[in-house]
Amino acid sequence: MKKPTKKYEILIATAYHQFALFGYEKTAIEDILKVSGISKGLFYHHFANKKELFVFLYTQAAEDITKKILEIFQTEDMDLILFAKKYMQMQFSLSQKKPYLFPFLKRAEGEKIKEIQDIMEYVLLHRHTWMLERLDWRYLRKDVTKEQAISLITWIAEGFTNELLEKEVFFAKENEATFYAYLDVVKKSLLKEKGELL
């Protein structure tokens, strides 16, 4: 596989940035080319149109995040709370390296583009299945189901992430500590203490 050229990398980074700031409808190919300094010929060498570029960016981001999630699942004896902490660590780490990645994803997932909706549904389904099958559920309280626990943590994580994205402070370190504090509060209602296993 040929290594991407510097101009191609600039094109991709600029496209993420422009779509994250202005959304799909308000971003024109000409805007991306102007900001990136890339020629129209190079753009059309790689992409047929704006939609193809947009779907490519979302697919690339989804694949990168899925790989990171699979790496998290290599952790032994990981309960739901530890998974949520590692998942958020992954998001904070990625957002520091690629500041416009998560704002882009938020905008993209709000678009009525079938290809993106299909990918999003696929990723969410697999993440949910992996959580059911690969997490350590031994300490889950008997009055709480796995589905309830997953839903609660998902709502907290997504709500927290969306709030940070709206404030545009997503990768601030103190926010990571705040999220962990929320999880520690919720943990008491979901999981038994280690000594309560029997």
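The following paragraphs examine the structure supplied in this document. Note that this is a predicted model, so its numbers are computed, not measured. (Residues numbered from 1 in each chain as written. Predicted model: local features only at pLDDT ≥ 70, side-chain atom pairs only at ≥ 80, totals over all residues. Heavy atoms only, no water.)

1. What to know about the pattern of salt bridges
Oppositely charged side chains are able to pair whenever their charged atoms sit close together. Under the convention used in this document: Each reported salt bridge corresponds to a side-chain nitrogen of Lys or Arg within 4 Å of a carboxyl oxygen of Asp or Glu. By definition, any uninterrupted DSSP run of H or I lasting at least four residues is a helix, any uninterrupted run of E lasting at least two residues is a strand, and each is numbered from the N terminus. The buried label applies to any residue whose accessible area, calculated with a 1.4 Å probe on protein chains only, is under 20% of its type's maximum; exposed applies above 50%, and partly exposed to all values in between.
Under the defined criterion, the tally for this structure stands at 6 salt bridges. In this structure, the salt-bridge partner of arginine 127 is glutamate 158, at a minimum N-O distance of 3.9 Å. Pair noted here: arginine 127 is in helix α7 (residues 114–134) and glutamate 158 is in helix α8 (residues 146–167), with a separation of 31 residues, a long-range link. The class for glutamate 158 is partly exposed, based on a relative accessible area of 39%.

2. Considerations on the packing of helix α1 (residues 6–22) against helix α2 (residues 29–36)
The angle between the axes and the distance between the axes are what describe a pair of packed helices. Going by this rule: Axes here mean lines fitted to C-alpha atoms, for a helix over just the part in contact, with angles spanning 0 to 180 degrees between N-to-C directions. In this scheme, roughly parallel covers angles under 35 degrees and roughly antiparallel covers those over 145, while 65 to 115 is roughly perpendicular and the rest are oblique. Take the far helix as the reference: if the near one is turned anticlockwise from it by less than a right angle, the crossing is left-handed, and if turned clockwise, right-handed. Only heavy atoms matter for contacts: two residues are in contact if any of them lie within 4.5 Å across the pair. Residues are grouped as follows: Ala, Val, Leu, Ile, Met, Phe, Trp, Tyr, Cys and Pro are nonpolar; Asp, Glu, Lys and Arg are charged; every other residue, Gly included, is polar.
α2 packs onto α1 with a crossing angle of 125° between their chain directions and a minimal axis gap of 9 Å. On the basis of their axis angle, the class for α1 and α2 is oblique. Along this stretch, α1 crosses α2, giving a crossing that reads as right-handed. Every residue of α2 that contacts α1 at Ile10, Leu11, Thr14, Ala15, Gln18 and Phe19 is listed here: Asp31, Ile32, Val35 and Ser36. Tallied by class, the residues present in the contact of α1 with α2 amount to 6 nonpolar, 3 polar and 1 charged.

3. Here's the deal with the environment of phenylalanine 19
By secondary structure assignment, the location of phenylalanine 19 is in helix α1. Residues phenylalanine 19 and leucine 101 lie 82 residues apart in sequence; the distance between their C-alpha atoms is 9.9 Å. In this view, phenylalanine 19 contacts Tyr24, Thr27, Ile32, Lys50, Leu53, Phe54, Leu57, Phe104 and Arg107; residues no more than four positions away in its chain are not counted.

4. Some details on the packing of α1 against helix α4 (residues 50–72)
At a minimum axis distance of 11 Å, the contact between α1 and α4 shows a crossing angle of 90°. Taken together, the axes of α1 and α4 are roughly perpendicular relative to one another. For the pair α1 and α4, the contacting residues are Tyr8, Ile12, Ala15, Tyr16 and Phe19 in the first and Lys50, Leu53, Phe54, Phe56, Leu57, Gln60 and Ala61 in the second. Its residues assigned to classes, the contact of α1 with α4 shows 10 nonpolar, 1 polar and 1 charged.

5. Notes on α4
Spelled out, the test is: Here a helix's expected span is defined as the number of its residues, less one, multiplied by 1.5 Å. Identification of polar contacts relies on pairs of N or O atoms within 3.5 Å, with a donor-acceptor requirement for protein atoms, meaning one able to donate a hydrogen and the other able to accept it, and with residues adjacent in sequence counted only if both atoms are side-chain atoms.
A rise of 1.5 Å per residue sets the reference length of α4, with its 23 residues, at 33 Å; its end C-alpha atoms lie 33 Å apart and thus fit the reference within 8%. Listing the buried residues of α4 in full gives Lys50, Leu53, Phe54, Val55, Leu57, Tyr58, Ala61, Ala62, Ile65, Thr66, Ile69 and Ile72. In this structure, the buried residues of α4 make contact with α1, α2, α3 (40–46), α5 (80–97), α6 (101–109) and α7. Near the N-terminus of α4, the side chain that reaches the backbone nitrogen of lysine 51, with its oxygen 3.2 Å away, is that of asparagine 49.

6. Describing the environment of methionine 78
Relative to the helices and strands, methionine 78 resides in the loop between α4 and α5. Each C-alpha atom, one on methionine 78 and one on methionine 131, is 10.0 Å from the other, the two residues being 53 residues apart in sequence. Among all residues touching methionine 78, those that are not within four sequence positions of it are Ile72, Phe73, Phe83, Lys86, Leu135 and Asp136.

7. Let's talk about the side chain of glutamate 176
Assignment of secondary structure puts glutamate 176 in helix α9 (residues 173–190). Polar side-chain contacts of glutamate 176 include one of 2.5 Å to the side chain of tyrosine 180. Residues in contact with glutamate 176, not counting those within four places in the same chain, are Gln89 and Phe92.

8. Notes on the packing of aromatic side chains
The cut-off we apply is this: Each aromatic pair joins two rings of Phe, Tyr and Trp (for Trp, the six-membered one) with centres within 6.5 Å, and gets the label stacked for planes under 30 degrees apart, edge-to-face for over 60, and tilted for any other angle. Lysine NZ or arginine CZ positioned within 6 Å of the ring centre and within 35 degrees of the ring normal marks a charge as sitting over the ring.
Taken as a whole and judged by the stated rule, the model has 16 aromatic pairs. Judged by centre distance (5.0 Å) and plane angle (90°), the ring pair of tyrosine 16 and phenylalanine 104 falls under edge-to-face. Residue tyrosine 16 is found in helix α1, and its partner phenylalanine 104 is found in helix α6; the two are separated by 88 residues along the sequence. Look at phenylalanine 43 and tyrosine 44: their rings are 5.0 Å apart centre to centre, the planes differ by 85°, and that puts the pair in the edge-to-face class. Classification of phenylalanine 43 by relative accessible area gives buried; the value is 0%. Put simply, the rings of Tyr8, Phe43, Tyr44, Phe47 and Phe56 touch in pairs and so form one group of aromatic residues. The ring of tyrosine 24 has lysine 50 sitting right over it, with the charged end atom 4.3 Å from the ring centre. Over the aromatic face of phenylalanine 73 sits the side chain of arginine 134, whose NZ or CZ is 5.9 Å from the ring centroid.

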